[in-house]
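Coordinate analysis (summary)
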Amino acid sequence: MWRIRKDHQIPPSCDEFGPNLPPELIAAILSRLPVKSLLRFRCICKSWRSLISHPKFVKTHLSLASINTAYTHHRLLLRRDYRTNDVKSCSLYAVLHERSDNDVELDCPIKTPHRYWFGDLFVGCCDGLVCIAIEREVCIWNPSTRKSKSLERRAITWRGTFVKRALHWIVRMKSNVIIVSLDLAKETFAEVLQPDYRDDRWYETLFVLNGCLGMLCGNNACADIWVMKQCGIRESWTNLVVIPRVPYQSGYPYSPPLCILKNGEILLKNDLHLVRYNPKDGKFSYPTIHNCSPCFSANSYVESLVLPCMDADSGVQLQHRY
């Protein structure tokens with residue numbers, strides 16, 4: 001029986017599988033491979049191209065990649081300098097295990113209108129797709145396939161965190177902070193009750209962790225990470241960890257977690273550097289990325305074959321051209 005080569009460098013021919021290998025098994029094998037390999041394997045034969053391009057296969061591949069707790073199918077999207085929109089990606093698995101990786105320079109679909117662009121390019125990530133916005137330019141981009149879709153020109157005034165088919169925002173009022181959600185199916189707004197966090201916080205940020213709404217809040221001394229394990233139920237807010245300020249550094253706010261490992265370790269960004277914190281022994285480590293340390297911004301995303309015009313849940317292509 002044919003075996004998957006560890007390096008995935010030499011694509012096999014269709015005949016190597018043998019005539020007795022069921023199509024379901026072929027699909028199961030291919031659905032566990034990296035996007036880079038699958039893009040090459042589409043050229044092997046018509047049947048493989050049809051299989052890899054099929055919406056059902058795309059959905060299965062995304063599901064398997066998303067639940068991979070070793071993060072072998074996740075990558076970091078990095079912006080190296082606030083003065084430009086130069087973007088690169090690297091393997092999250094390689095960063096976590098301090099292994100060398102072929103960092104990839106990416107051609108951002110939209111360009112900065114000025115020499116200095118201090119805003120963050122990345123509005124959010126979902127299903128391997130990244131929303132990029134510069135002033136009134138908005139684009140949905142898949143860094144894995146390099147496909148992109150420009151959206152109607154519009155002003156982007158605050159970020160929305162997409163969880164459970166709803167967008168969530170932090171709304172700051174004169175003397176209060178609330179979380180508001182917009183159900184995209186019902187087109188209704190609602191307030192999400194917040195966790196019972198510390199009163200001396202001075203920043204709050206929403207994020208997504210394993211399909212659940214998360215909230216990072218902190219002050220000059222530490223940051224709390226909360227996760228709402230049951231959507232809409234305040235009692236389900238769980239305080240996962242309290243992260244102290246990085247020793248010998250300023251109280252620059254932490255970014256939302258880039259990932260949380262099985263052993264409880266957390267990877268996030270502080271100032272211009274990645275930080276890895278172990279809550280069991282309270283120790284910090286500082287992963288480095290080749291040609292990208294320090295970095296201005298970092299976001300994690302899962303590799304996927306999802307097109308910028310495809311509904312990942314239903315596998316339905318929303319438009320035929322992009």
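Relevant structure appears above.
Residues numbered from 1 in each chain as written. Predicted model: local features only at pLDDT ≥ 70, side-chain atom pairs only at ≥ 80, totals over all residues. Heavy atoms only, no water.

1. Remarks on the overall build of the protein
Check the secondary structure of the protein and you find five helices and 22 strands. Considering only contacts in the protein between residues 6 or more positions apart, those separated by 24 or more positions represent 47%. Roughly 17900 Å² of accessible area belongs to the protein as shown, and the carbon and sulfur atoms make up 51% of that amount. (Helix = DSSP H or I, 4+ residues; strand = E, 2+ residues; numbered from the N terminus. Contact = heavy atoms within 4.5 Å. Areas by Shrake-Rupley, 256 points an atom, 1.4 Å probe, with all protein chains shown as cover.)

2. Focus on the sheet that holds strand 5 (residues 129-134)
Taken together, the four strands give an open sheet; going across it, the order is 4-5-6-7, and neighbouring strands pair in antiparallel fashion. Only two strands of the sheet have a single neighbouring strand rather than two, namely strand 4 (122-126) and strand 7 (147-150). The mean angle between the axes of side-by-side strands here comes to 20°, regardless of whether they run parallel or antiparallel. Bridging between strand 4 and strand 5 involves four bridges; their strand directions are antiparallel. In the sheet register, Phe122 faces strand 5, and the bridge partner there is Ile132. (Pairing = 2+ DSSP bridges. Axes fitted to C-alpha atoms, helices over the stretch in contact; angles between N-to-C directions.)

3. Quick notes on the pattern of salt bridges
Across all of its chains, the model carries two salt bridges by this definition. Measuring nitrogen to oxygen at the nearest pair gives 2.4 Å for the salt bridge that ties Arg172 to Glu204. Residue Arg172 is found in strand 9 (residues 166-172), and its partner Glu204 is found in strand 12 (residues 203-209); the two are separated by 32 residues along the sequence. Residue Arg276 pairs with Glu265 through a salt bridge whose shortest N-O separation is 3.1 Å. On the criterion of sequence distance, the pair formed by Arg276 in strand 18 (residues 273-278) and Glu265 in the loop between strand 16 (259-260) and strand 17 (266-270) is long-range, its members being 11 residues apart. Taking relative accessible area as the criterion, Arg276 reaches 14% and is therefore assigned buried. (Salt bridge = Lys/Arg side-chain N within 4 Å of Asp/Glu carboxyl O. Buried < 20%, exposed > 50% of the residue type's maximum accessible area, 1.4 Å probe, protein only.)

4. Comments concerning the nonpolar core
Judged by nonpolar contacts, the single largest core of 23 residues is most densely connected at Leu30, Leu38, Phe41, Trp48, Ile52, Phe57 and Leu305. Contributing elements (two or more residues each) for this core: helix 1 (23-30), helix 2 (35-41), helix 3 (46-53), helix 4 (55-66), strand 5 and strand 6 (137-142). Examining the composition of this core, we find that four residues originate from one element, helix 4, more than from any other. In this structure Ile52 touches Leu38, Phe41, Arg42, Phe57, Val58 and Leu305, once residues within four positions along its chain are discounted. The next biggest cluster of nonpolar side chains, apart from the first, holds 18 residues, and it includes Ala223, Ile260, Leu268 and Val275. (Core = buried A, V, L, I, M, F, W, Y, C linked by side-chain atoms within 4.5 Å.)

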